[in-house]
Amino acid sequence: MPPMRRPIERMGLFRPRILIAIVIASAGVAAVPGLCGSTPGENPATPTVEDPRPGAVVVRFVQPAPPGLILGETRVLIEAGTTPDERIIRVEVFAEGRLLTVLEQPPYAFTWNAGTRFLKRVLKAVATDSAGRSGEAILTARPLYIGHYEEVRLVSIYATVRDRKGRIVRDLKQDDFEVLEDGVPQTLSHFTSAQVPLTVALLVDASNSMNLGGKIDLARRAAEEFAEEADPEDRLMVLSFNDTLRGTTRPASNRAELKKAIQEIRAEGGTALYDAVYRTADALKEIEGRRAIVLLSDGRDQALEDNEPGSLHLFEEALEKAHRSEVAIYAIGLGHRLDREMDLRRVRSLEEILSTFSVQTGGRPYFPDRARQLSRVYRQIAEDLKTQFTLAYSPTNGSRDGRWRSITVRMKKEGMRVDARSGYYAPTATLP
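Rules behind the numbers
Residues numbered from 1 in each chain as written. Predicted model: local features only at pLDDT ≥ 70, side-chain atom pairs only at ≥ 80, totals over all residues. Heavy atoms only, no water. Helix = DSSP H or I, 4+ residues; strand = E, 2+ residues; numbered from the N terminus. Buried < 20%, exposed > 50% of the residue type's maximum accessible area, 1.4 Å probe, protein only. Polar contact = N/O pair within 3.5 Å; in protein donor to acceptor, adjacent residues only side chain to side chain. Contact = heavy atoms within 4.5 Å. Expected span 1.5 Å × (residues − 1). Axes fitted to C-alpha atoms, helices over the stretch in contact; angles between N-to-C directions. Parallel < 35°, antiparallel > 145°, perpendicular 65-115°, else oblique. Left-handed = near helix turned anticlockwise from the far one by under 90°. Nonpolar A, V, L, I, M, F, W, Y, C, P; charged D, E, K, R; others polar. Salt bridge = Lys/Arg side-chain N within 4 Å of Asp/Glu carboxyl O.

Caption draft 1: Just the side chain of Thr280, in detail. Among the structural elements, Thr280 can be located in helix α3 (residues 273-284). Residue classification places Thr280 among the buried positions, given a relative accessible area of 0%. At a separation of 2.7 Å, a polar atom in the side chain of Thr280 contacts the main-chain carbonyl oxygen of Ala276. If we ignore the near neighbours within four places in the chain, the residues touching Thr280 are Ala201, Leu203, Leu239, Leu245 and Ile293.

See the structure below:
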């Protein structure tokens, strides 16, 4: 079922997005013509350089074709030439300033393992001829970004798969998945298990109740451990909330800076949970790549002294904002009897609120028995985020009506369960 909605379109809060996914031409991944040179299996002849200008050494990258996108085992092919009376004696190839190899005779080609993540890479080739002259070429390989506007509309899904015992499954192929939109089977056009750039907002409940039993100290310690567990390329934001949202919405990778922000969290005031989720999702919506919120909360949305909501936004508005921002929420419910404690509207239990945030957005809820289990939970979430599959399809329903479209991801193998977002809002007829 689509999430409950309130008529807030008039406030100008909706911004439909078009999602793209790009598959890179490298070992084990299908090629996209025009992006990364020849398709797998081709063995192009070494090109020649025609009529170089007098006294010049000419060098250029042939594979990957600029501007390239590089992933995994990648064939690098370089063209180099000089004047007819001289010859090329060597070609040196560097990545981020580090020497990869020296090639002394054509074809100037080698295979390079560019890693398992779609990152920005800078390759430089320096060719030297027998007269001591040199020339160089630079290839800047773009990172893979998902979540922006393109002419072709694709819907991307990040999926985590587990077996019957709850263990993460890694060795899967595209044919193992089945995707339906509003009950209609869709054809996957892109699939990869490689990690896509990730931005995580650590959103910590810092209301007054977190002082009980030293919960805020344990929360800070667990958040620091999460920052250490995250991959170096991942960027984090540290935010805390009570009556208001505090922290910076500028993603950072400097772990010392992040730990300092975590240590400065202090518990006081009420709990504006829905406002915090709404504003954090809104801050993440323009960031490219995967986006996630790791939410820790121990109570209902409530003001400190009065029996009234702590937030201006409703639960439904916060959930819808998460959907429209394409943010996965990993909620940690800290407290006893959350399945029995109700929100102030007496509509949902606190456990249901946190579970709905997680399950509908493609995350996973956690309910540790004790605060001392927080470190283990944060480690599990870090592992979840490192082992996701990326799937993408062009929807058979091409209507730009702005309506909710449900997504169902099924596993063809028995005994497997998949965590993925429950749907998306179609774009409107006019792009912003």
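Caption draft 2: Structural view of helix α5 (residues 350-361). The terminal C-alpha atoms of α5 lie 17 Å apart, and with twelve residues this matches the ideal 16 Å at 1.5 Å per residue to within 8%. For α5, the set of buried residues is Leu350, Ile353, Leu354, Ser355, Thr356, Phe357, Ser358, Gln360 and Thr361. The inward-facing, buried residues of α5 contact α3, β15 (290-297), α4 (315-324) and β16 (328-333). Just past α5, the residue Gly362 takes up positive phi, approximately 95 degrees.

Caption draft 3: Spatial organisation of the packing of α3 against α4. In contact at an axis separation of 8 Å, α3 and α4 are set at 20 degrees when each is read in the N-to-C sense. On the basis of the axis angle, α3 is roughly parallel to α4. For α3 against α4, the interelement crossing comes out left-handed. Facing Tyr274, Val277, Tyr278, Ala281 and Asp282 of α3, the residues of α4 in contact are Phe315, Glu317, Ala318, Lys321 and Ala322. Looking at side-chain class alone, the contact of α3 with α4 contains seven nonpolar, no polar and three charged residues.

Caption draft 4: A look at the pattern of salt bridges. Taken as a whole and assessed by the stated rule, the structure comprises 24 salt bridges. Two residues, Asp282 and Lys285, come together in a salt bridge whose shortest N-O distance is 3.0 Å. By relative accessible area, which is 19% here, Lys285 ends up buried. A salt bridge links Glu326 to Arg291, with the nearest nitrogen and oxygen atoms 3.0 Å apart. Pair noted here: Glu326 is in the loop between α4 and β16 and Arg291 is in strand β15, with a separation of 35 residues, a long-range link. Summarising the burial analysis for this pair, Glu326 and Arg291 share the class buried.

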